[in-house]
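Results of the structural survey
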Amino acid sequence: MRASNGDNIFYIINYIVLALIACSSLFPLLHLIALSISSSSAIETGKVNLWPIGFTWETFNVLIKGTPLIRSFSNSTVITFVGVTLCMLTTILAAYPLSRPNFYARRFFTLSMIFTMIFTGGIIPTFLVIQSLGLVNSYWALWLPGLVSTYNMLLLRTYFENIPSEIDDAARMDGCSEVRLLLQVVLPISMPVLATLTLFYGVAYWNIFFSMLIYINDTDKHNLTVLVQQMIQSQSVLQQTMMVQPDDQVHVVEEGIKAAGVIVMITPMLVVYPFLQKYFVKGVMLGSVKG
């Protein structure tokens, strides 16, 4: 059917509004990028807006040499990779049996997990438990308390429940066990929700901050988020960073250092997202059942 004139006007207005919203979201990011690669004189005079002036990489050079950026980046990578792997494993193992209608007491276990979303012990009891287990100053203090997100588990369970029963019946007729059914049938056709949950867990662990300050006392184990926060709020850290000048003729300013730190922190998530976006756009379940 051809769209009417009213529909075309409606679509044009929608596109304009969405374009304005997208631009408003991109402006802060573009401004940070421009600050991080602009000359110090241009930043001090306030000439930098959305386009870099006096292009230079010296701010990043000072950031790498004057701060434990590489170590913090590697710590964030380890925390995120291990945390996402453990969370996805436990979430799948919890959601799959709870999605099976013949699983005994699945209502009891589901309500028990939902109960934890409403009532929690709080920060102090959680810290005392972590301390009694001897996990303080260990990354396990970050991984174990949030090993399973009830909300994410319910999302995955609902997706598993909506898989047509004909697929399960066909797999069982071919002799599939429960483990093989999960690994070779259910998970491959659940890639959209798995990619979504992976991104949720990845962003959460990459940006973890409060738990890091509570449980990790060794500064050598701090992640990139804590480093950037210290650079933004602590003048002593900034002054120590700016003392490392690659050239006597080069001068960097605080705004450039802060912007460069933020760019380094958000870049990995910006790089990963396009690879997962295709699973958000089109589900692989489309057309899987014919007949």
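Right above here is the structure, for reference.
Residues numbered from 1 in each chain as written. Predicted model: local features only at pLDDT ≥ 70, side-chain atom pairs only at ≥ 80, totals over all residues. Heavy atoms only, no water.

Here we look at the overall build of the protein chain
Tallying secondary structure elements over the protein chain gives 15 helices and zero strands in all. When burial is assessed residue by residue, the protein chain has 35% of its 291 residues classed as buried. Across the protein chain, every contact between residues at least 6 apart in sequence was considered, and the portion connecting residues at least 24 apart equals 72%. As presented, the protein chain carries roughly 17,400 Å² of accessible surface, and 67% of it is formed by carbon and sulfur atoms. (Helix = DSSP H or I, 4+ residues; strand = E, 2+ residues; numbered from the N terminus. Buried < 20%, exposed > 50% of the residue type's maximum accessible area, 1.4 Å probe, protein only. Contact = heavy atoms within 4.5 Å. Areas by Shrake-Rupley, 256 points an atom, 1.4 Å probe, with all protein chains shown as cover.)

Examining the packing of aromatic side chains
Each aromatic ring pair is characterised by the separation of its centres together with the angle its planes make. Counted according to the given criterion, the structure contains eleven aromatic pairs. With centroids separated by 6.1 Å and ring planes inclined at 75°, the aromatic side chains of Tyr96 and Phe160 adopt a geometry described as edge-to-face. Residue Tyr96 is located in helix 4 (residues 69-99), and its partner Phe160 is located in helix 8 (residues 150-161); the two are separated by 64 residues in the primary sequence. Looking at Phe160, the relative accessible area reads 1%, which means it is buried. Ring centres 6.0 Å apart and planes at 10° place the aromatic pair Phe127 and Tyr215 in the stacked group. Taken together, the residues span a long stretch of sequence, with Phe127 in helix 6 (residues 123-132) and Tyr215 in helix 12 (residues 210-215) at a distance of 88 residues. (Phe/Tyr/Trp six-rings, centres within 6.5 Å; stacked < 30°, edge-to-face > 60°.)

Let's talk about the pattern of salt bridges
Throughout the structure, instances matching the rule amount to four salt bridges. Here Arg71 ties to Asp220 by a salt bridge, and the two come within 3.1 Å at their closest N and O atoms. Here Arg71 is found in helix 4, whereas its partner Asp220 is found in the loop between helix 12 and helix 13 (224-233), with 149 residues between them in sequence. The residue Glu178 makes a salt bridge to Arg172 at a minimum N-O spacing of 2.6 Å. On the basis of relative accessibility, which here comes to 37%, the residue Glu178 falls in the partly exposed class. (Salt bridge = Lys/Arg side-chain N within 4 Å of Asp/Glu carboxyl O.)

Description of unusual backbone geometry
Positive phi outside glycine occurs at Ala105, with the angle close to 60°. Mapping Ala105 onto the fold places it in the loop between helix 4 and helix 5 (106-118). We note that Asn137 has phi near 70°; this positive angle belongs to a residue other than glycine. Assessed through its relative accessible area of 25%, Asn137 is described here as partly exposed.

Looking at the packing of helix 4 against helix 11 (residues 191-206)
Across the interface, helix 4 lies against helix 11 with an axial gap of 9 Å and an inter-helix angle of 140°. Of the possible angle classes, the one that applies to helix 4 and helix 11 is oblique. Pair helix 4 / helix 11 crosses with right-handed handedness. Listed contacts from helix 11 to Phe73, Ser76, Thr77, Ile79, Thr80, Gly83, Val84, Cys87, Met88, Thr91 and Ile92 of helix 4 are Leu194, Leu197, Thr198, Tyr201, Gly202, Tyr205 and Trp206. Broken down by class, the residue content of the contact of helix 4 with helix 11 amounts to eleven nonpolar, seven polar and no charged. (Axes fitted to C-alpha atoms, helices over the stretch in contact; angles between N-to-C directions. Parallel < 35°, antiparallel > 145°, perpendicular 65-115°, else oblique. Left-handed = near helix turned anticlockwise from the far one by under 90°. Nonpolar A, V, L, I, M, F, W, Y, C, P; charged D, E, K, R; others polar.)

Considering the side chain of Thr56
Structurally, Thr56 is set in the loop between helix 2 (40-44) and helix 3 (58-66). A polar contact is formed between the side chain of Thr56 and the backbone nitrogen of Glu58, at a distance of 3.1 Å. Excluding residues that lie within four positions of it along the chain, Thr56 makes contacts with Ser36, Ile37, Ser38 and Ser39. (Polar contact = N/O pair within 3.5 Å; in protein donor to acceptor, adjacent residues only side chain to side chain.)

Some remarks on a nonpolar patch on the surface
A contiguous nonpolar surface patch, about 840 Å² in accessible area, is contributed by Ile9, Phe10, Tyr11, Ile13, Tyr15, Val17, Leu18 and Ile21. Relative to the assigned elements, Leu18 resides in helix 1 (residues 5-36). Using a relative accessible area of 53% as the deciding quantity, one classes Leu18 as exposed. (Patch = residues over 30% accessible without salt bridge, like charges linked within 9 Å, V, L, I, M, F, W, Y side chains within 5 Å.)

Comments concerning the nonpolar core
In terms of nonpolar packing, the biggest core is built from 40 residues, with Leu142, Leu156 and Phe160 touching the most fellow members. Contributing elements (two or more residues each) for this core: helix 4, helix 7 (140-143), helix 8, helix 9 (165-173), helix 10 (178-186), helix 11 and helix 12. Among the elements that line this core, the one with the most residues is helix 4, at nine residues. Residues Trp206, Leu227, Ile263 and Met269 belong to the second largest nonpolar core, which totals 17 residues. (Core = buried A, V, L, I, M, F, W, Y, C linked by side-chain atoms within 4.5 Å.)

Section: the side chain of Ser36
Residue position: Ser36 is located in helix 1. Look at Ser36 and you get buried, because its relative accessible area is 1%. Those residues in contact with Ser36, other than ones at most four positions away along the chain, are Thr56, Thr59, Phe60, Gly256, Ala259, Ala260 and Ile263.

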